[in-house]
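One letter stands for each residue in the lines below.
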Amino acid sequence: MNIIVCIKQVPDTTEIKIDPVKGTLIREGVPSIMNPDDKGGLELALRLKDQFGANVTVVSMGPPQADVIMREAFAMGADRAILLSDRKFAGSDTLATSYAIAGLCRTLDYDLIIAGRQAIDGDTAQVGPEMAEHLGLPQVTYVCDAKLLPNGNLQVHKENEDSVQVLEVEGKCLLTVLASAFEPRYMTVSGIVEAYNREVEVWGADKIDYDETKLGLSGSPTKVFQSFPKAMKAPGEVHEVSEEEAVELIVNKLKEKHII
Amino acid sequence: MDFSYSKTEQLFLQMIRSFAENEVKPLAAEVDDQERFPVETVEKMGKLGIMGIPIPKQYGGQGGTVQMYIMAVEELSRVCATTGVIVSAHTSLCMAPILENGTEEQKMKYLPKLASGEWIGAFGLTEPNAGTDAAMQQTTAVDAGDKWILNGTKIFITNASYANVFIVMAMTDKSKGTKGISAFIVEKGMPGFSIGKKELKMGIRGSATCELIFENCEVPKENLLGPLGKGFTIAMKTLDGGRIGIASQALGIAQGAMDETVKYTKERKQFGKAIAQFQNTQFQMADLKTKVEAARLLVRSAAWKKDMGLPYSADAAMAKLFAAETAMEVTTKAVQFHGGYGYTREYPVERMMRDAKITEIYEGTSEVQRMVIAGQLFKK
Ligand SMILES: Cc1cc2nc3c(=O)[nH]c(=O)nc-3n(C[C@H](O)[C@H](O)[C@H](O)COP(=O)(O)OP(=O)(O)OC[C@H]3O[C@@H](n4cnc5c(N)ncnc54)[C@H](O)[C@@H]3O)c2cc1C
Ligand SMILES: Cc1cc2nc3c(=O)[nH]c(=O)nc-3n(C[C@H](O)[C@H](O)[C@H](O)COP(=O)(O)OP(=O)(O)OC[C@H]3O[C@@H](n4cnc5c(N)ncnc54)[C@H](O)[C@@H]3O)c2cc1C
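In this numbering scheme, every chain counts its residues from 1 along its sequence in written order. Ligands are numbered from 1 and chains lettered from A, in the order in which they are written. Only residues with pLDDT of 70 or above have their local features reported here, since the model is predicted, and side-chain atom pairs are shown and tallied only from 80 upward, although totals for entire chains, interfaces and linings are computed over all residues.

Chemist: So what exactly am I meant to see when it comes to the overall build of chain B here?
Modeler: Strands are runs of DSSP state E lasting at least two residues, helices are runs of H or I lasting at least four, and both sets are numbered from the N terminus onward. Check the secondary structure of chain B and you find 10 helices and 10 strands. Relative to the 2.2 N^0.38 estimate, which gives 21 Å for 380 residues, the radius of gyration of chain B is 21 Å and therefore close to what a compact globule would have. Exposure in this text rests on C-beta crowding, where 20 or more other C-beta atoms within 10 Å of a residue's own make it buried, 12 or fewer make it exposed, and counts in between make it partly exposed. The C-beta atoms are placed from the backbone. Across the 380 residues of chain B, 52% fall into the buried class. Contacts spanning at least 24 positions in sequence make up 73% of the contacts within chain B whose residues lie at least 6 apart. Every radius of gyration here is taken over C-alpha atoms, with the globule rule written as 2.2 Å times N^0.38, N being the number of residues. We call two residues in contact if the C-beta atoms placed from their backbones are at most 7 Å apart.

See the structure below:
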């Protein structure tokens, strides 16, 4: 089985602090990490590899600095790493991103594509599903478990809000997975020792078949009009009082604010 | 000169730090309290390759550097000094002498199982009457044709009751003094070999420190390690390497206590402000931070020399001396900054203070480190 895993480098948003004066995000010095859902996706691929044997290729589109997450993927057990990096991709929105990565996938021989459900910086959860559309593949999103059946099909558990759906997928498909379902393994020491001796293939746009108008800025219909940090809410108050007192307290507060 | 971590080291730090935080730290208080050897952690470390970091690939190791190995000891000790010394004694005191002095057969027989963590290693030099004066070995090994017969007792042996392989020093020719001491590889279960009493200790309480008892213990002829009569030299060289490991253990303990104290003093309020805002706190912490960083540079420099194949004996002694004394100072002050809470088991600093003390004692007391440093300094 040949598995492609889409991994993205993102700022570690748990480390992002808010400037108390300006109310803006302080991105300086924030470490970059492999997107958590993607690490979960890599874990799923490696579990399938452990159980059924597979060749795992990680792919990413991003600047040269994304090299470090490719090394991390090697140290966890990935077999091959391709970084799609070209100025032509600058300014890509999710549509142009998914178009480019789908183009990369088309050049590879694969049975399964795994993407994270969502990236913690862009947060759109669009890239995976859009790739499936570009490639004409069936897709299952919000995957929390997957295994290979004896008939060669995949049995996939999909997490819904209040239930889990069990689906059987025939043939090539794309899954988007949840980090919470696949606790990633640690990198191994020997994997780390080897990581920088191996080759991360850096591909330019020329390696894929593309329509110029669908790449980068020109291929991006979404235009960011404005972005601003959400105003911080005032901290709440906690009162430990009886029910009657609580009613009175709330009513008074609402009156104070001229809401009632 | 490059003081920064290499790319490989950065990746390694990312892994070992999250392993320490997620797998080791949650057990630290219990391991101390119950005096429990953390077998499950050792098993996990084995699978990830942490039990064989600087051992070459051809012997089943990970092919990493001494630098990476000591980073592991530091990060583990930062959250649990017991786990740190398990790795340190196993790597520096058992695998290293086999790697450096063993025959090809001995290396192939022992290193793969040790490096994978399937087997744990230990080192037996100290005896009731041979502590700092290690040359006073009373354990004897007699050539009985096809085997060696060992008699005697070793004390205070780290990892002992969980170890499978022991590097043991014994007198093969008393008339030759230190040149009559030889090193042997002894396996658990060899006839006449048993583990004696377990020590109850002040710190590193999860580490199993026991006696080794040899009563007409039969050791195969081929288990002599290195040439006959070279045991003392092997032991001293082994301890040179081990001291870098213990220096990193001390460094880790000091760093762990710093981390806890920074966090606590920012939270704890007295006289209407966080105690971190008092200048006394700030100045003392600044001094401690400076010492911790100085210790780290000494430790890294000693490890770098070992990686480069340069002489490092005095460097290791200076690193251990300074890091151990820094660990003792930082942890004692960490308890002080925590006030009464620091004296209770609710906070880890009291454990860290107890753990720090051993780093001034084993693998050569601080006095011995001074002897080694002065010896080099005044050597003509
Ligand atoms: C109008 C617009 C303009 C933008 N301009 C820029 C720009 O100039 N420069 C810039 O850096 N970003 C830009 N972005 C952001 C960037 O294009 C998106 O972050 C990217 O398309 C992924 O979308 P997402 O983060 O929402 O990922 P999601 O759709 O939430 O990600 C889902 C999954 O898709 C996969 N995936 C997503 N992105 C990648 C990737 N790059 N490589 C491999 N796998 C991936 C991962 O598996 C991920 O878990 C722009 C976004 C918009 C909307
Ligand atoms: C928890 C623990 C684990 C250990 N693990 C191991 C192990 O795995 N393998 C092993 O072989 N040993 C091990 N040891 C033994 C340890 O290395 C010795 O305890 C140490 O070397 C000191 O020896 P001693 O206890 O006999 O003290 P002593 O030698 O009796 O020293 C007592 C004091 O006298 C000082 N002193 C002695 N001689 C001089 C001198 N000439 N000048 C100035 N001061 C001097 C010492 O510095 C010390 O302060 C361990 C010990 C402990 C407590």
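Text resumes after the structure shown.
Chemist: Whenever I open this one, the overall build of chain A confuses me. Can you help?
Modeler: Each helix and strand counted, chain A has 6 helices and 13 strands in total. Along the longest, intermediate and shortest principal axes, the C-alpha atoms of chain A span 70 × 45 × 40 Å. Counting only residues that meet the buried cut, chain A has 37% of its 260 residues in that class. Intrachain contacts of chain A at a sequence separation of at least 6 include 70% that bridge at least 24 residues.

Chemist: Explanation requested: the sheet that holds strand β1 (residues 2–6) of chain A in the structure shown.
Modeler: Each strand in a sheet pairs with its neighbour through backbone hydrogen bonds, running either in the same direction (parallel) or in the opposite one (antiparallel). Residues and elements named next belong to chain A. If DSSP finds at least two bridges between two strands, the strands pair. A sheet is described by the order of its strands in space; here 9 strands give the open sequence β11-β10-β9-β12-β8-β1-β6-β7-β13, paired in mixed fashion. Either end of the sheet is taken by a strand with one partner, and the two such strands are β11 (164–169) and β13 (200–203). For this sheet, the mean inter-axis angle between neighbouring strands, taken without regard to orientation, is 35°. Across 5 bridges, strand β9 (residues 139–148) lies against strand β10 (residues 154–159) in antiparallel orientation. From the neighbouring strand, L148 faces β10, where its bridge partner is L154. Angular values range over 0 to 180 degrees, each being the angle between N-to-C directions of two axes fitted as lines to C-alpha atoms, with helices fitted over their stretch in contact.

Chemist: I keep staring at the interface of chain B and chain A and nothing clicks. Help me out?
Modeler: Interface size is often expressed as the accessible area that is lost when the parts come together. If you look at the interface, chain B gives 13 residues, while chain A gives 12 residues. The element best represented in the side of chain B that touches chain A is helix α1 (residues 7–33) of chain B, accounting for 6 residues. Under the grouping applied here, Gly and all other residues not named as nonpolar or charged are polar, the nonpolar ones being Ala, Val, Leu, Ile, Met, Phe, Trp, Tyr, Cys and Pro and the charged ones Asp, Glu, Lys and Arg. Looking at the side of chain B that touches chain A residue by residue, the class counts come to 7 nonpolar, 5 polar and 1 charged.

Chemist: What's the story with the site of ligand 2 in this structure? I'm lost.
Modeler: Residue and element names in this part refer to chain B. Placing the C-beta atom from the backbone, one calls a residue near a molecule or strand if that atom lies within 6 Å of it. Ligand 2 sits among 18 residues. The nearest are T126, G131, T132, T158 and T365. Mapped onto the shell around ligand 2, the elements with two or more residues apiece are β1 (121–124) and β3 (147–158). Sort the elements by how many residues they give to the shell around ligand 2 and β3 lands first, with 3 residues. Its residues assigned to classes, the shell around ligand 2 comprises 8 nonpolar, 7 polar and 3 charged.

Chemist: How should I be thinking about helix α6 (residues 231–267) of chain B in this particular structure?
Modeler: Along an α-helix, a turn takes 3.6 residues, which lines up residues three or four apart on a common side. When the terminal C-alpha atoms of α6 of chain B are compared, their 53 Å separation across 37 residues agrees well with the 54 Å that a helix rising 1.5 Å per residue should span. Of all 37 residues in α6 of chain B, 28 are buried, a share of seventy percent or more. By definition here, a helix of n residues has an expected span of 1.5 Å times n minus one.

Chemist: Whenever I open this one, the pairing of strand β8 (residues 112–116) of chain A confuses me. Can you help?
Modeler: In the case of a regular strand, side chains alternate between the two sheet surfaces. Residue and element names in this part refer to chain A. Where burial is concerned, most of β8 is hidden: 5 out of the 5 residues are buried. Here β8 shows a buried face lined by L112, I114 and G116 and a second buried face lined by I113 and A115. In terms of strand pairing, β1 meets β8 through 3 bridges, oriented parallel. Residue I3 lies in a different strand from β8, and its bridge partner there is L112. As judged from the 5 bridges shared by β8 and strand β12 (residues 173–177), these two strands associate in the parallel manner.

Chemist: Teacher, can you tell me more about the environment of M353 of chain B here?
Modeler: Residue and element names in this part refer to chain B. Within the secondary structure, M353 sits in helix α9 (residues 349–358). Sequence separation between M353 and I253 is 100 residues, and the spatial gap between their C-alpha atoms is 8.4 Å. Excluding its chain neighbours within four sequence positions, the residues that come into contact with M353 are T331, T332 and V335.

Chemist: Teacher, can you tell me more about α1 of chain B here?
Modeler: Here α1 of chain B spans 38 Å end to end across 27 residues, near enough to the 39 Å set by a 1.5 Å rise per residue. Fitting axes to the seven residues that end at a residue and to the seven that start at it, the angle between those axes gives the bend at that residue. In α1 of chain B, a bend of some 45° at V24 of chain B exceeds every other bend along the element, and P26 of chain B, a proline, comes one to four places later. Along α1 of chain B, the residues that are buried comprise T8, L11, F12, M15, I16, F19, A20, E23, V24, A28, V31 and D32 of chain B. Looking at the packing, one finds that the buried side of α1 of chain B touches α2 (67–76) and α5 (189–195) of chain A together with α2 (39–48), α3 (66–79), α4 (81–101) and α9 of chain B.

Chemist: Is there a simple way to explain the packing of α3 of chain B against α6 of chain B in this structure?
Modeler: To describe two helices that pack against each other, one gives the angle between their axes and the distance between the axes. All names here are of chain B. Running from N to C, α3 and α6 cross one another at 40°; their axes reach a closest spacing of 7 Å. If you check the angle between α3 and α6, you find them oblique. Between α3 and α6 the crossing geometry is right-handed. Contacts between α3 and α6 involve V66, I70, V73, E74, E75, L76, S77, R78 and V79 from the first element and I244, G245, S248, Q249, L251, G252, I253, Q255 and G256 from the second. Residue classes in the contact of α3 with α6 are distributed as 8 nonpolar, 7 polar and 3 charged. Comment on the angle field: the value is read as roughly parallel under 35 degrees, roughly antiparallel over 145, roughly perpendicular from 65 to 115, and oblique elsewhere. Left-handed describes a crossing whose near helix is turned anticlockwise from the far helix by less than a right angle; the clockwise case is right-handed.

Chemist: For this particular structure, what's the right way to read the nonpolar core?
Modeler: Nonpolar side chains in soluble globular proteins tend to end up buried together. All names here are of chain B. In plain words, the nonpolar core is the set of buried Ala, Val, Leu, Ile, Met, Phe, Trp, Tyr and Cys residues that C-beta atoms within 7 Å link up. Ranked by size, the top nonpolar core spans 182 residues in total, and within it F184, V299 and A323 carry the most contacts. A per-element tally of this core places α6 first, with 14 residues. Among residues more than four places away in sequence, those in contact with A323 are A247, A250, L251, A295, L298 and V299.

Chemist: It is not clear to me how the site of ligand 1 should be interpreted in this structure. Could you clarify?
Modeler: All names here are of chain A. For ligand 1, the set of nearby residues contains 32 residues, the closest of which are G116, A119, G122, T124 and V127. Listing elements by their share of the shell around ligand 1, those giving two or more residues are α1 (36–52), β6 (55–61), α3 (94–106), β8 and α4 (127–135). Sorting elements by how many residues they give to the shell around ligand 1 places α3 first, with 3 residues. Tallied by class, the residues present in the shell around ligand 1 amount to 10 nonpolar, 15 polar and 7 charged.

Chemist: Please clarify how the confidence of the model for chain B should be interpreted in this entry.
Modeler: Interpretation of the predicted coordinates at a detailed level should be avoided for regions scoring low in pLDDT. You can read pLDDT as the predictor saying how much it trusts each residue, on a scale of 0 to 100. Scored by pLDDT, chain B comes out at a mean of 97, with 100% of its residues at no less than 70. Scored as a complex, the prediction yields pTM 0.90 and ipTM 0.93.

Chemist: I tried to follow the pairing of β11 of chain A on my own but got confused; where do I start?
Modeler: Residue and element names in this part refer to chain A. For β11, the tally of buried residues reaches only 0 of 6 residues, placing the bulk of the element at the surface. In terms of strand pairing, β10 meets β11 through 6 bridges, oriented antiparallel. Paired with K158 across the bridge in β11 is Q165.

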